[in-house]
Amino acid sequence: MLAAVVAAAVALPVAAAARPAAVPAPVPAAPFDVGAATPTALAQRYAANRDGIRAAARMAAAHGDRRRAESLRAMAAPGRQFVSFDGRDGGRSAEVFGDLAHAGRIAVLVPGSDTGLDSYGRFRAGAEALHGELGGGEEGAVVAWLGYATPSTVSPESLTADRAEAAAPRLRDFVRSLTAARPGARISLLCHSYGSVVCGRAAAELRVADIVLYASPGVGAGSAAGLDTSATVWAGRGAADWVGKVPHVRIPLLVTMLGFGTDPVSPDFGACSFAAGPGGHSDYLTPGSVPLRGMARIVRGEAACAGADAAAAHPGIRCQAAPYAARPALRGCGHA
């Protein structure tokens with residue numbers, strides 16, 4: 001662990017020196033939330049954000065950042081649906097896949113390290129794959145929430161919860177706006193890698209049906225119950241995912257804490273488990289994959305808890321997912 005910290009401390013300045021300076025962008029036309037979720041209001045919001053993305057692309061080109069300009073031009077293509085966009089300070093966005101105005105089940109993807117406007121294609125591909133697995137129709141929608149500055153995998157920031165602490169209030173605010181816009185919808189958070197740390201920090205104040213932790217290094221809590229959430233907490237990890245070799249510790253280090261504690265897929269954590277297949281750290285949303293099918297079942301409310309520890313503690317509870325409003329206040333998977 002100490003070797004990793006030293007390596008990251010050396011690599012960060014080098015990587016930062018290689019990156020271009022902050023790319024300018026215009027002030028967004030709308031707040032970073034969902035707004036009204038009627039078909040007309042959403043269409044207007046999508047159009048306004050498309051205009052904002054195009055303006056940001058022009059500014060990036062004028063700044064000399066061709067990579068950012070090309071990425072933004074792709075994001076502004078006809079048919080893309082951004083409910084929120086802010087190109088300043090590295091950029092934030094929230095793209096919708098599906099019919100948000102009518103969807104009864106909504107998945108919010110929270111990305112991990114190394115996800116940004118310049119590398120947005122991979123994040124978008126995963127959201128598209130999940131939407132397709134949900135059926136691709138009106139019933140299910142996916143929101144790709146890039147609402148925070150993700151850390152670099154090889155950096156000190158990826159070993160502490162500091163970025164997550166800053167991101168958690170933004171995630172809470174966005175999910176609240178989504179809940180207000182679609183009060184009857186079943187909302188699930190799907191949190192990848194460092195994104196699971198963000199979800200862990202935000203969990204206690206989120207009214208969602210599920211919190212799915214995948215490729216997670218830990219969430220800073222010792223158990224699913226420690227998240228203090230009424231959502232069903234799920235965890236899964238692919239057999240070839242390198243994050244399984246990360247030490248699950250929490251070590252005080254000056255003014256912060258190093259590491260994220262208990263492994264979410266361990267029996268001690270007490271989450272519902274789902275099959276994550278043989279894949280690696282970036283394979284969970286690959287079309288046709290085992291974890292993609294499993295997470296789609298969770299979003300649809302069709303998955304039953306496979307946590308043997310939870311079943312032993314509460315034999316009568318199978319954690320069959322149901323609409324949020326109809327479910328009791330659970331702590332993880334049937335945990336009091």
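Right above here is the structure, for reference.
I will try to describe carefully the structure that is included in this document. (Residues numbered from 1 in each chain as written. Predicted model: local features only at pLDDT ≥ 70, side-chain atom pairs only at ≥ 80, totals over all residues. Heavy atoms only, no water.)

We note that S193 has phi near 55°; this positive angle belongs to a residue other than glycine. You can see S193 is positioned in the loop between β5 (186–192) and α6 (194–202). Not every positive phi belongs to a glycine, and A215 is a case in point at roughly 55°. Relative to the elements of secondary structure, A215 occurs in the loop between β6 (210–214) and β7 (232–236). (Helix = DSSP H or I, 4+ residues; strand = E, 2+ residues; numbered from the N terminus.)

Time to look at the pattern of salt bridges. Tallied over the entire structure, the rule returns 17 salt bridges. Of the charged contacts in the structure, one is a salt bridge between D33 and R45, with a shortest N-O distance of 2.6 Å. With a gap of 12 residues between them, D33 in the loop between α1 (2–18) and α2 (39–63) and R45 in helix α2 connect regions that are remote in the sequence. According to the relative accessible area criterion, R45 is buried, its value standing at 13%. Here E139 and R105 are joined by a salt bridge, their closest N and O atoms 2.5 Å apart. Of this pair, E139 sits in the loop between α4 (120–133) and β4 (140–146) while R105 sits in strand β3 (residues 105–110), and the two are 34 residues apart along the sequence. (Salt bridge = Lys/Arg side-chain N within 4 Å of Asp/Glu carboxyl O. Buried < 20%, exposed > 50% of the residue type's maximum accessible area, 1.4 Å probe, protein only.)

Right, let's get into the pairing of β6. Of all 5 residues in β6, 5 are buried, a share of seventy percent or more. Side chains D210, V212 and Y214 project from β6 onto one buried face, and the interleaved I211 and L213 project onto a second face that is buried too. Pairing of β5 with β6, which is carried by 5 bridges, proceeds in the parallel orientation. Across the sheet, residue H192 finds its bridge partner in β6, namely Y214. Relative to β7, β6 is paired through 5 bridges, and the arrangement is parallel. When the bridges of β7 are listed, D210 appears paired with T232. (Pairing = 2+ DSSP bridges.)

Take the side chain of D65 next. With respect to the secondary-structure elements, D65 resides in the loop between α2 and α3 (66–75). Here D65 is buried and forms no salt bridge, its nearest opposite-charge partner R68 lying at an N-O distance of 5.3 Å. There is a polar contact of 3.4 Å between the side chain of D65 and the backbone nitrogen of R67. (Lys, Arg positive; Asp, Glu negative; His and termini not counted. Polar contact = N/O pair within 3.5 Å; in protein donor to acceptor, adjacent residues only side chain to side chain.)

The nonpolar side chains of soluble globular proteins are, as a tendency, buried together. With 51 residues, the main nonpolar core has L100, W145, L171 and L189 as its most contacted residues. If one sorts the elements of this core by residue count, helix α5 (residues 162–181) sits on top with 8 residues. With sequence-adjacent residues up to four places away left out, W145 is seen in contact with F32, S93, A94, V108, L109, V110, P111, F123, A167, R170, L171 and F174. Counting residues in hydrophobic clusters, the runner-up holds 42 residues, among them M75, F85, L109 and A144. (Core = buried A, V, L, I, M, F, W, Y, C linked by side-chain atoms within 4.5 Å. Contact = heavy atoms within 4.5 Å.)

Now for the pairing of strand β2 (residues 92–97). Within β2, 6 of the 6 residues are buried, which leaves it mostly tucked inside the rest of the structure. Neither face of β2 is exposed, since R92, A94 and V96 on one face and S93, E95 and F97 on the opposite face are all buried. Note: strand β1 (residues 82–86) against β2, 4 bridges, orientation antiparallel. Looking at β2, one finds that F82 is bridged to E95. Where β1 hands over to β2, the hairpin turn is made up of 5 residues, of which D89 adopts a positive phi near 50°.

Quick look at the packing of α2 against α3 now. A pair of packed helices is captured by two measures, namely the crossing angle of their axes and the spacing between those axes. Taken N-terminus to C-terminus, the directions of α2 and α3 make an angle of 165°; their axes are 8 Å apart at the nearest point. Between α2 and α3, the angle is such that the two are roughly antiparallel. Every pair of crossing elements has a handedness; the one defined by α2 and α3 is left-handed. Every residue of α3 that contacts α2 at I53, A56, A57, A60 and A61 is listed here: R68, A69, L72, R73 and M75. Tallied by class, residues from the contact of α2 with α3 come to 8 nonpolar, no polar and 2 charged. (Axes fitted to C-alpha atoms, helices over the stretch in contact; angles between N-to-C directions. Parallel < 35°, antiparallel > 145°, perpendicular 65-115°, else oblique. Left-handed = near helix turned anticlockwise from the far one by under 90°. Nonpolar A, V, L, I, M, F, W, Y, C, P; charged D, E, K, R; others polar.)

Keep in mind these numbers describe shape, not what the thing actually does.
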